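A look at the structure
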Number of protein chains: 2
Amino acid sequence: MDPRTIGVLGGGQLGRMLVEAASRLNIKVVILDTPPNAPAKQIQATQSHIHGDFKDPYKIRELAKTANVLTIEIEHVNAEILKTLMNENTIVIHPSPSTIKLIQNKFSQKTHLSKHKIPVVDFIDVPTKDDLSIAIEKFGYPLMLKSKTLAYDGRGNYLLRSEDEISNALESLGNFSIPLYAERWTSFAKELAVMVVRRANGEVKSYPVVETVQKENICHLVFVPAQINGVISEKAKTIAEEAIQTLEGAGVFGVEMFLMNDGHIYVNEIAPRPHNSGHYTIEACETSQYENHIRCILDLPLGSTALKVPAAAMINILGKSNDLQETLRPCAESLSIPGATIHLYGKQDCRKGRKMGHITVVSDSISQLFSRIKPILEIVNENEHDISTTMKIQPLVGIIMGSDSDLPTMKPCAEILKSFDVPFELSIVSAHRTPNRMFDYAINAHKRGIKVIVAGAGGAAHLPGMVAALTPLPVIGVPVKGKILDGVDSLYSIVQMPRGIPVATVAINNSTNAGILAVRQLGAFIPEYLEKMQKFMEKQENDVLAKVDKLEEVGWESY
Amino acid sequence: MDPRTIGVLGGGQLGRMLVEAASRLNIKVVILDTPPNAPAKQIQATQSHIHGDFKDPYKIRELAKTANVLTIEIEHVNAEILKTLMNENTIVIHPSPSTIKLIQNKFSQKTHLSKHKIPVVDFIDVPTKDDLSIAIEKFGYPLMLKSKTLAYDGRGNYLLRSEDEISNALESLGNFSIPLYAERWTSFAKELAVMVVRRANGEVKSYPVVETVQKENICHLVFVPAQINGVISEKAKTIAEEAIQTLEGAGVFGVEMFLMNDGHIYVNEIAPRPHNSGHYTIEACETSQYENHIRCILDLPLGSTALKVPAAAMINILGKSNDLQETLRPCAESLSIPGATIHLYGKQDCRKGRKMGHITVVSDSISQLFSRIKPILEIVNENEHDISTTMKIQPLVGIIMGSDSDLPTMKPCAEILKSFDVPFELSIVSAHRTPNRMFDYAINAHKRGIKVIVAGAGGAAHLPGMVAALTPLPVIGVPVKGKILDGVDSLYSIVQMPRGIPVATVAINNSTNAGILAVRQLGAFIPEYLEKMQKFMEKQENDVLAKVDKLEEVGWESY
């Protein structure tokens, strides 16, 4: 496919998945890492891998001689020698050594992002103990104290809660042997991540926004689509892409972010390589982050970053202890879960906290996804931490009504959706009294993941039709019966729409049927709801048949 | 994950994809094949592969010593030694050597299937030239003359069209040096294939029915879901599963079938291993055929065989000549096609007709799939053969009406769907005059892939509601205006449905809106239609704004 050879600094699981993607394209990869049986070296027959440290200048030069393009799968490499090699102009290196160097130092990284107007939480340099006092004065407790370098998976972070902890904190962070800085503590609503893809020619794409759940600062669970408002999702993508535009070089970049309760987003950290939060792309996206990394650095056309499944999750398999079998219990469980794919990294030694593998689960809907991953998470977590509380599902159906006086009429619709386990929202949107709110609601609904809108209105019932005029989604209209005209006024107002703008009208006051119709629309594409609809119809038939039997039994007089 | 080692006879592309799946599970695989750089040997660092012929008894014994379970990736192996090994009871072998032996001989295979009442086309043994005359007398011309053994990818087949060709045919098939048999020539409507999965414990599952397109007897294109009636699809699955139940041993099996114009299905051939028609499962199904083959032979829980994408296709990359770059032109093209994934097999020598790789394309809908694969097929085919003629798309929308007199009212609905490129069907289904047809239509629509039904009716307009009472799909009702009562009779009949059975009613005689509503329902799940709907609404707005301008320009008097 491409005659060039890629040299990779680092041979862990990210390198392994990179090699897997390269093999499919018949692209040669040479790995530099110390263990002769490093994960990435295990899945290629080539004997040309280099066994040595990815910080060793001589070994890096050796790697450069065998390859046309160098890249990294870990950022803690020797960036200086990469800079030298780049200046010698003998080899292409992606991402740029200056980017790698910048990212190695979290303080420089934050300074750089801040300078480029990328939102980050407040931070301050802490070169000495005196500066720590200044930081505490400025940001108060709790204070996040961080090592500037060599920090990953939570190592090098200390959440300082009070003065008593200062000496402990400094000691655990090496008493300034590694330089420190401090960040204002932020209580975020969610952690998000976006994988951004940049081709050597400058073209940029990004993968969908994912939600990540960390446990003791290690990524534990990733799921997609993030269950957030679509407008916030767009904002997160934009911030991530803008952050990557400030850096040099090609490749995929993981951008970790905090979403605050007020909708603010802060960039937390950037990884200049394939990232744990993008593992799911192998099974869930049209092109994986690994193949796109290869395409980026070889300056080939970028692959599509779109999801090819409605929902996906990734669960890390971290060593529970030295016992591999105990660690792999979630994998054994997942063999019986539809949509689950196991990835093990071939690491020989199992150690507590070590990343031994991951499981990706794909699904037809986010609610089905959560029920699929539940049994795996129960084993992973050993009930120590109930992850399901963080899983708020975005609505698929929006129920709106012109006034709270319509609530009694619209409630049966909500009850039907609830009984079918359809995630929905219910609110008041009045065409006449809140036209601006109606406008916003209608033009944003599909961006937020809503698949169908149910609108109830009475009298001069304009809400369903006006919403239908603004949204590309199907709108179901429920004519609400008023005190006069028997609801015929509402029915005509809703059903007799002009050519071009349809409203799916149901019977007067019959919001039950609106709910059922919404479920049928979902069921045409989500098998889970089609099956439930079939069962519902069977039950409905059996309920009537039971009455037939009863009538037969007791006779019409005593019925 | 599992400490057992799998020994594989054969190291081609099927073995390679098997190794890829095994690596993810950290399961060890040892390959037996002659070339030291066979495709399957390239993607494992282990040096324990065996370089030798998969027919060589000594090499097979050597393989058996290194492994816990033996399997095959090609059926032309030495089945006798496998039988001996199995009788010695020292190793597990899947599929059973007796199955491999049976399948090696196409005549025995057909005899076996026929004995077990699996439908196959008529066939007859042709041990001598005299028997050929009997066969010709029985089946007439054209006659399919076939080698019983060592035949694959079209080699060993001769379509005998007249007496003149007899000596040519016999010569090209080796003049009875390989035994021959004959089949009645069948002019099939489509070729179908089903991958059936059988676990060592006997549990059976199958993948969706695919359509295959052969060119010169070599598989060229596979797509899924097969664009056939869902009832026929179920029948094909059942026949495939029943055929596999007659064979011994575990693994995945490819069942190739012919679909005749009258709906009859004949089994053509069975492959007792992963199959070309199942390559697409890597990207398109919840678990790939390769991982499921491993699970089957290790007696692990079977993975889900469900599609995880709405549609997928697989295009084989066959050597065009000795020139690899020329052969790989479709791959270069597919780098720019969303949803396309390239698999190259690492074969060093490119030769005309050799399977060098394949491209899988996934998509949101079958129509989008066909437009995605078109540019790839144009390069593959060099316009010698227009494949698109075989691609008939199954309808997503069903338009029905009570009488042909409703056609003028329902036509605009068809025109809208046509303008949005929505595949649809239009027919007459009367609730009152053809109740049986209505019943069949309604209960089968969702099985055939229909996502929404549009029903038009006038007067005592029962059709939409009665159909809604039988299908779990959403039904859109169009009240058709009669000569009296202005259509209000139809409107009430359609909209005032009882609780439990909704009909999405649009304005009287406004089938345009029914079409638009159907597109909106599809668009909630198929992004292509959502985008088109947004453009449609923009155009609609601009058309009116143009009238605003015109009115402004010419004034109301001369407008």
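Residues numbered from 1 in each chain as written. Chains lettered and ligands numbered in written order. Predicted model: local features only at pLDDT ≥ 70, side-chain atom pairs only at ≥ 80, totals over all residues. Heavy atoms only, no water.

Section: the overall build of chain A
Selection rule: Here a helix means four or more residues in a row that DSSP labels H or I, a strand means two or more in a row labelled E, and each is numbered from the N terminus. Three labels apply to residues, based on accessible area from a 1.4 Å probe with only protein chains included: buried if under 20% of the type maximum, exposed if over 50%, partly exposed otherwise in between. Contacts: residue pairs with any heavy atoms within 4.5 Å of one another. Accessible surface area values rest on a Shrake-Rupley calculation with a 1.4 Å probe, where residue burial reflects the displayed protein chains alone.
Along the backbone of chain A there are 19 helices and 23 strands. With respect to the principal axes defined by its C-alpha atoms, chain A has extents near 95 × 55 × 50 Å. By residue count, 59% of the 559 residues in chain A fall in the buried class. Across chain A, every contact between residues at least 6 apart in sequence was considered, and the portion connecting residues at least 24 apart equals 63%. Of the roughly 22000 Å² of accessible surface on chain A, a fraction of 51% belongs to carbon and sulfur atoms.

Details of the packing of aromatic side chains
Stated precisely, the cut-off is as follows: For Phe, Tyr and Trp, rings pair up if their centres lie within 6.5 Å, where Trp contributes its six-membered ring, and each pair is then called stacked (planes under 30 degrees apart), edge-to-face (over 60) or tilted (otherwise).
Applying the stated criterion to the full structure yields 11 aromatic pairs over all chains. Consider the rings of Phe420(A) and Phe536(A), whose centres lie 5.3 Å apart with planes at 55°: the pair is tilted. Residue Phe420(A) is located in the loop between helix H14 (407-419) and strand E20 (424-428), and its partner Phe536(A) is located in helix H19 (residues 527-558); the two are separated by 116 residues in the primary sequence. Among the residues examined, Phe420(A) registers a relative accessible area of 4% and is labelled buried. A residue is classified by how much of its surface remains accessible, and Phe536(A), at 23% relative accessible area, is partly exposed. Arranged with centres 5.7 Å apart and planes meeting at 80°, the rings of Phe107(B) and Phe123(B) form a pair that is edge-to-face. In this pair, Phe107(B) is assigned in helix H5 (residues 106-115) and Phe123(B) in strand E6 (residues 123-126), connecting sequence segments 16 residues apart.

So, unusual backbone geometry
The step from His94(A) to Pro95(A) runs through a cis peptide bond, and the omega angle for that step is -10°. Along the chain, Pro95(A) turns up in the loop between strand E5 (92-93) and helix H4 (97-104). The amide bond that connects Tyr141(B) to the next residue, Pro142(B), takes the cis arrangement and shows omega of -10°. Note that Pro142(B) resides in the loop between helix H6 (129-139) and strand E7 (143-147). With phi around 50°, Asn26(A) is a residue other than glycine that occupies positive phi space. Of note, Asn26(A) is situated in the loop between helix H1 (13-24) and strand E2 (28-33). What makes Asn26(A) partly exposed here is its relative accessible area of 29%.

As for empty space enclosed by the protein
Condition: A pocket, in this scheme, is an open set of points on a 1 Å grid over the protein atoms alone with protein on both sides within 12 Å along at least 5 of 7 lines, while a cavity is a set where a 1.4 Å probe fits but cannot get out; residues line either one if an atom lies within 4 Å of a point. Grid points are joined across faces, edges and corners, and a volume is the space filled by probe spheres set on the points. Asp, Glu, Lys and Arg are counted as charged, while Ala, Val, Leu, Ile, Met, Phe, Trp, Tyr, Cys and Pro are counted as nonpolar; the rest, among them Gly, fall into the polar class.
One pass over the structure, following the stated rule, counts five cavities of 30 Å³ or more. Considered as a void within the structure, the largest cavity measures approximately 400 Å³ in volume. Of all the secondary structure elements, the ones that give two or more residues to the lining of the largest cavity are H1, helix H9 (281-284) and helix H10 (289-297) of chain A together with helix H1 (13-24), helix H9 (281-284), helix H10 (289-297) and strand E17 (340-344) of chain B. Considering only residue class, the lining of the largest cavity consists of 11 nonpolar, seven polar and 12 charged. By volume, the second largest cavity amounts to about 220 Å³. Lining the second largest cavity are 18 residues; nearest its centre among them are Glu20(A), Ile43(A), Glu20(B), Ser23(B) and Ile43(B). Put simply, the parts of the chain that give the lining of the second largest cavity at least two residues each are H1 and strand E17 (340-344) of chain A together with H1 and E17 of chain B. Taken together, the residues of the lining of the second largest cavity sort by class into eight nonpolar, four polar and six charged.

Some thoughts on the relation of the copies chain B and chain A
Each of the two chain copies can be brought onto the other by rotation about an axis and movement along it. Quick note on the threshold: What sets the superposition is a least-squares fit of C-alpha atoms, and only residues with pLDDT of at least 70 in both copies go into it.
Least-squares fitting of chain B to chain A yields an RMSD of 0.1 Å, with the transformation described by 0.0 Å of translation along the axis and a rotation of 180°. The relationship between the two copies is best expressed as a two-fold rotation axis. Both copies share a contact surface, since 100% of the interface residues of chain B are interface residues in chain A too.

Overview of the sheet that holds strand E3 (residues 50-51) of chain A
Residue and element names in this part refer to chain A. Put simply, the rule is: Here, a strand pair is defined by DSSP locating no fewer than two bridges between the strands.
Strand order in the open sheet made by the five strands is E3-E2-E1-E4-E5, with parallel pairing throughout. Among the strands making up the open sheet, the edge pair consists of E3 and E5. Sheet topology note: the strand E1 (residues 5-9)/strand E4 (residues 69-72) ladder contains four bridges and is parallel. The partner of Gly7 across the bridge, within E4, is Leu70.

Observations regarding the confidence of the model for chain A
Regions with low pLDDT carry predicted coordinates that are not meant to be interpreted in detail. As a reminder, the rule being used: Confidence of the predictor at the level of single residues is captured by pLDDT, which takes values from 0 to 100.
Taken over all residues, the pLDDT of chain A has a mean of 93, while the share at 70 or more is 97%. Per the prediction output, this complex has pTM 0.91; the corresponding ipTM is 0.90.

Some points on the packing of helix H2 (residues 57-66) of chain B against helix H3 (residues 79-88) of chain B
All names here are of chain B. Here is the rule we go by: Axis lines are fitted to C-alpha atoms, over the contacting stretch for helices. Their N-to-C directions set the angle, which ranges from 0 to 180 degrees. The labels follow the angle: roughly parallel below 35 degrees, roughly antiparallel above 145, roughly perpendicular from 65 to 115, and oblique for the rest. Helix crossings are classified by the rotation of the near helix relative to the far one: an anticlockwise turn of less than a right angle makes the crossing left-handed, while a clockwise turn makes it right-handed.
Viewed as axis vectors pointing N to C, H2 and H3 meet at an angle of 40°, and their least axial separation amounts to 10 Å. As summarised for this structure, H2 and H3 are arranged oblique, according to the angle between their axes. H2 and H3 meet at a crossing whose hand is right-handed. Side by side, H2 and H3 meet where Pro57, Ile60, Arg61 and Ala64 of the first sit next to Ile81, Leu82, Thr84, Leu85 and Glu88 of the second. A breakdown of the residues in the contact of H2 with H3 according to their chemical character gives six nonpolar, one polar and two charged.

Some details on the side chain of Asn513(B)
For clarity, the threshold we go by: Here a polar contact means two N or O atoms within 3.5 Å. Within protein one must be a hydrogen donor candidate and the other an acceptor candidate, and residues neighboring in sequence count only if both atoms are side-chain atoms.
The topology assignment puts Asn513(B) in helix H18 (residues 511-523). The exposure class of Asn513(B) is buried, given its relative accessible area of 1%. There is a polar contact of 2.7 Å between the side chain of Asn513(B) and the backbone nitrogen of Gly500(A). Setting aside anything within four residues of it in sequence, one finds Asn513(B) in contact with Met497(A), Pro498(A), Arg499(A), Gly500(A), Ile501(A), Pro502(A) and Val506(B).

Side note on the pairing of strand E20 (residues 424-428) of chain B
All names here are of chain B. The criterion, for reference: By convention a crossover is right-handed if, when the strands point away from the viewer, the path from the first strand over the helix to the second runs clockwise.
Of the strand pairs in this sheet, strand E19 (residues 397-401) and E20 are connected by five bridges, and their pairing is parallel. Bridge pairing in E20 places Gly398 opposite Glu425. With helix H14 (residues 407-419) bridging E19 and the parallel E20, this β-α-β connection has right-handed handedness.

Details of the interface of chain B and chain A
Put simply, the test is: What makes a salt bridge here is a side-chain nitrogen of Lys or Arg within 4 Å of a carboxyl oxygen of Asp or Glu, nothing more.
Facing the 85 residues of chain B at the interface are 85 residues of chain A. The interface formed by chain B and chain A contains six salt bridges. Notably, a salt bridge pairs Glu283(A) with Arg24(B), separated by 3.5 Å at the nearest N-O pair. The interface formed by chain B and chain A includes 47 residue pairs in polar contact (both at pLDDT 80 or more). For the side of chain B that touches chain A, the element with the highest residue contribution is H18(B), accounting for seven residues.

Details of the packing of helix H18 (residues 511-523) of chain A against H19(A)
All names here are of chain A. Where H18 contacts H19, the axes come no closer than 7 Å and their chain directions differ by 135°. Comparing their axes, H19 and H18 come out oblique. Relative to H19, the crossing made by H18 is left-handed. In this structure, H18 contributes Ile516, Val519, Arg520, Leu522 and Gly523 to the contact, and H19 contributes Tyr529, Leu530, Met533, Phe536 and Met537. Class assignment of the residues belonging to the contact of H18 with H19 gives a composition of eight nonpolar, one polar and one charged.

Details of the nonpolar core
Nonpolar side chains tend toward joint burial in soluble globular proteins. Just so we agree on the cut-off: In these notes, a set of buried Ala, Val, Leu, Ile, Met, Phe, Trp, Tyr and Cys residues joined through side-chain atoms within 4.5 Å is what counts as a nonpolar core.
Among the nonpolar cores identified, the biggest contains 54 residues, and Val397(A), Val422(A), Val454(A), Ile476(A), Val397(B), Val454(B) and Ile476(B) are the most heavily contacted of them. Residue contacts for Val454(A): discarding those within four places in its chain leaves Val397(A), Gly398(A), Ile399(A), Ile400(A), Met410(A), Cys413(A), Ile476(A), Val478(A), Ala514(A) and Ala518(A).

A closer look at the pattern of salt bridges
Evaluation of the coordinates by the stated rule reveals 46 salt bridges over all chains. Between Arg273(A) and Glu75(A) there is a salt bridge; the shortest N-O distance is 2.4 Å. Here Arg273(A), found in the loop between strand E15 (265-271) and H9, pairs with Glu75(A), found in the loop between E4 and helix H3 (79-88); they are 198 residues apart in sequence, far enough to count as distant. When sorted by exposure, Arg273(A) lands in the same class as Glu75(A), which is buried. Sharing partners across several salt bridges, the network here consists of Glu20(A), Glu283(A) and Arg24(B).

What to know about the pairing of E17(B)
All names here are of chain B. Burial within E17 is extensive, with five of its five residues counted as buried. Here E17 shows no split at all, with Ala340, Ile342 and Leu344 on one side and Thr341 and His343 on the other all buried. Where E17 and strand E18 (residues 355-363) come together, five bridges link them in antiparallel fashion. From the neighbouring strand, Leu344 faces E18, where its bridge partner is Gly357.

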